[in-house]
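# Survey of secondary and tertiary structure
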Amino acid sequence: MSLVEQVLDQAARTPSAVALVAGDGTELTYGELRRRVLSVRHGLRDNGLRPGDGVLFSVRPSPESLMLAIAVVAAGGCVIFADPGAGPEMFTARMRLARPRWSAAESLLYAASRLRPVGAYARRRGLLLPNLAALDVARHVYTGRRLPGVPPGALALDRLLKAPPTAPDTDTDPEAPAAVIFTSGTTAHPRAVVHTGASLSAALELLRERVPIGPGDVVHTDQLMLGLPTLASGARWSLPPLTGSAAQFAVHLRQRQATHTYCVPVRLAEILDAAPGPLPPPLRHILLGSAPAPAGVLRRAVAAAPHAQVLSVYAMTEMLPVAIATAAEKIAHVEHDTGDLLGRPLPGVQVRLDTDGELLLAGPNRSPGYLGEPPSPWLPTGDLARLDAEGRLVLLGRKKDMLIRGSFNLYPGLYEPAITALPGVAEAAYVGVPDPGHGDERVVLAVVADDPAAAATLPARLRRDLPAIIDHDALPDAIVVLPDLPRSGRGRKVDRPALRDLVTAGQASR
């Protein structure tokens, strides 16, 4: 069965068990979740959703967004995750590639295109929102109460919930696309990962083997790719509030008796800062991912939760998961060896090292490929790695100087050409300055001005122009202007280590 079918099957077996706890504490049973999903599925089909239709999905994590996403896949559609805050030009480029037939969004996002105060608030937060109502799609679906800007004829989720629930299909194609996830790219070359029901189901099985989850467990996370396996296993998915603080996250871990949680390392460091002392005893598994976990954070986690397994998960959007290492293994490795220990490849995950040391992967949990691109037998990770004597993967570095900010992977080469094309910019280079306290990176954009006389005004102009052409997660923390970029080698390529040293030493004018 596909992952969605497993969720619905589990819900049919345990209808009275609590499936979801929302950020505000509201509970939803498995039986009610199943009824709502099947009602929305029927409503979507009845209003013209066809198998294979792509549905642009712009709804923040909540019980409503979850049931809508599951219903889309149960109806044979494909959920397209494309951040509307990526900037209008980037968003438009992504829509050209994805060509969704439907759009599902919060009514507030539709209103942002018409209500000036809403749009101004979004811009103050660094978001340039597109006009979702102007999308060339067959139908719109909105969540929340109707607001000005919601397109005429748009379907309200509340209305779809009133449709009669109908039994799910039993003959779905496991190789059909179920999710499209935009990861990075430029306006000229957007890139999106395609996952099928089969690849997501394989990921679930791998996770189950290494991190047991079952009835009675409570998983506290806002991550869909851990939440869906939680529901398929009969456990309770606890959602944190959308804008909750680290202190509130820690309170909910205790109040809701969480047995599992997932964080990026920087978030766990914030939680430990906000709630010093031991973490609640029911917590058995702490999963860390999206960025390397520094030994300092791992030691703090082990000290705060000696009763729990602290696990560092190596995964990527294209392949979930790849390898898992315990905190103890990683701490022991860093004390005696170089590189970042990732752990043994999980069962079925195939590993190969390219001639330059880049890690290549294959396996049943791997995405079939990128949208609009031909498939390839091996997935190039962009990571340089080796296998140790015990057959464990060790990360040595990042090809193309990938930077990590929270859960976002920033590839400088994807954005620098677009930035250099802006008026007044002669050269541009990203560099990351690591923070040893939490493992995240401060992202600095170094630029050379076309006209030295205009160098002083260039950073302000770039902060105004960049949101329109690159991912908002790739916007720099700081912009520095240099007379030139340090270079090395016969090819005179940018010397990024030297640039990092230069920025760290504060020798550039801001």
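The paragraphs below set out a description of the structure included in this document. (Residues numbered from 1 in each chain as written. Predicted model: local features only at pLDDT ≥ 70, side-chain atom pairs only at ≥ 80, totals over all residues. Heavy atoms only, no water.)

## Section: the sheet that holds strand S24 (residues 425-434)
Strand order in the open sheet formed by 3 strands is S24-S25-S26, with mixed pairing between adjacent strands. The sheet is open, and its two edges are formed by S24 and strand S26 (478-481), each paired on a single side. Averaged over all pairs of adjacent strands, the angle between strand axes in this sheet comes to 25°, irrespective of strand direction. As paired elements, strand S25 (residues 441-449) and S26 share 4 bridges and run parallel to each other. Its bridge partner lying in S26, Val 444 is registered against Ala 478. (Pairing = 2+ DSSP bridges. Helix = DSSP H or I, 4+ residues; strand = E, 2+ residues; numbered from the N terminus. Axes fitted to C-alpha atoms, helices over the stretch in contact; angles between N-to-C directions.)

## Quick notes on unusual backbone geometry
Notably, Arg 99 is not glycine yet its phi reads approximately 50°, a positive angle. Position of Arg 99 relative to the elements: it lies in the loop between helix H4 (88-98) and strand S5 (102-106). Under the relative-accessibility criterion, Arg 99 is labelled exposed at 67%. Residue Gln 257 is not a glycine yet carries a positive backbone phi of 55°. In this fold, Gln 257 is placed in the loop between helix H10 (246-255) and strand S12 (260-263). (Buried < 20%, exposed > 50% of the residue type's maximum accessible area, 1.4 Å probe, protein only.)

## Brief notes about the environment of Val 55
Residue placement: Val 55 occurs in strand S3 (residues 54-58). In this structure, the C-alpha to C-alpha distance between Val 55 and Val 72, residues 17 residues apart in sequence, is 7.6 Å.

## Some thoughts on the packing of helix H1 (residues 3-13) against helix H9 (residues 224-232)
Running from amino to carboxyl end, H1 crosses H9 at an angle of 40°, the nearest separation of the two axes being 7 Å. If you check the angle between H1 and H9, you find them oblique. Contact with H1, carried on its side by Leu 3, Gln 6, Val 7 and Gln 10, involves Leu 228, Leu 231 and Ala 232 of H9 and no other residues of that element. Residue composition of the contact of H1 with H9, by class: 5 nonpolar, 2 polar and no charged. (Parallel < 35°, antiparallel > 145°, perpendicular 65-115°, else oblique. Contact = heavy atoms within 4.5 Å. Nonpolar A, V, L, I, M, F, W, Y, C, P; charged D, E, K, R; others polar.)

## Remarks on the nonpolar core
Formed by 43 residues in total, the largest nonpolar core has its most connected members in Leu 33, Val 40, Leu 44, Leu 68, Val 141 and Leu 231. Excluding residues within four positions of it along the chain, Val 141 makes contact with Leu 44, Leu 68, Trp 102, Ser 103, Ala 104, Ala 105, Tyr 110, Leu 155, Leu 157 and Leu 160. (Core = buried A, V, L, I, M, F, W, Y, C linked by side-chain atoms within 4.5 Å.)

## Some thoughts on the pattern of salt bridges
Considering all chains together, one arrives at 18 salt bridges under this definition. In this structure, Asp 471 and Arg 94 form a salt bridge, with 2.4 Å as the shortest nitrogen-oxygen distance. Of this pair, Asp 471 sits in the loop between helix H15 (458-465) and S26 while Arg 94 sits in helix H4, and the two are 377 residues apart along the sequence. With relative accessibility at 5%, the residue Asp 471 sits in the buried group. Through salt bridges with shared partners, a single network forms among Arg 344, Asp 388, Glu 390 and Arg 392. (Salt bridge = Lys/Arg side-chain N within 4 Å of Asp/Glu carboxyl O.)

## Observations regarding the packing of H1 against helix H2 (residues 30-46)
Helix-helix packing: each pair is described by the crossing angle between the helix axes and the interaxial distance. The N-to-C vectors of H1 and H2 enclose an angle of 130°; their axes lie 8 Å apart at closest approach. Relative to H2, the element H1 is oriented oblique. Pair H1 / H2 crosses with left-handed handedness. Residue-level inspection shows Leu 8, Gln 10, Ala 11 and Ala 12 of H1 in contact with H2, the latter providing Tyr 30, Gly 31, Arg 34, Val 37 and Leu 38. The residue makeup of the contact of H1 with H2, split by class, is 6 nonpolar, 2 polar and 1 charged. (Left-handed = near helix turned anticlockwise from the far one by under 90°.)

## What about the sheet that holds strand S11 (residues 236-238)?
On the basis of which strands lie adjacent, the open sheet formed by 8 strands has the order S2-S1-S11-S10-S12-S13-S14-S15 and mixed pairing. Each end of this open sheet is capped by a strand with a single partner; those strands are strand S2 (27-29) and strand S15 (319-326). Taking the axes of each pair of neighbouring strands and ignoring which way they run, one obtains an average angle of 20° across the sheet. The pairing of strand S10 (residues 218-220) with S12 spans 2 bridges and is parallel. Counted as the bridge partner of Val 219 is His 260 from S12.

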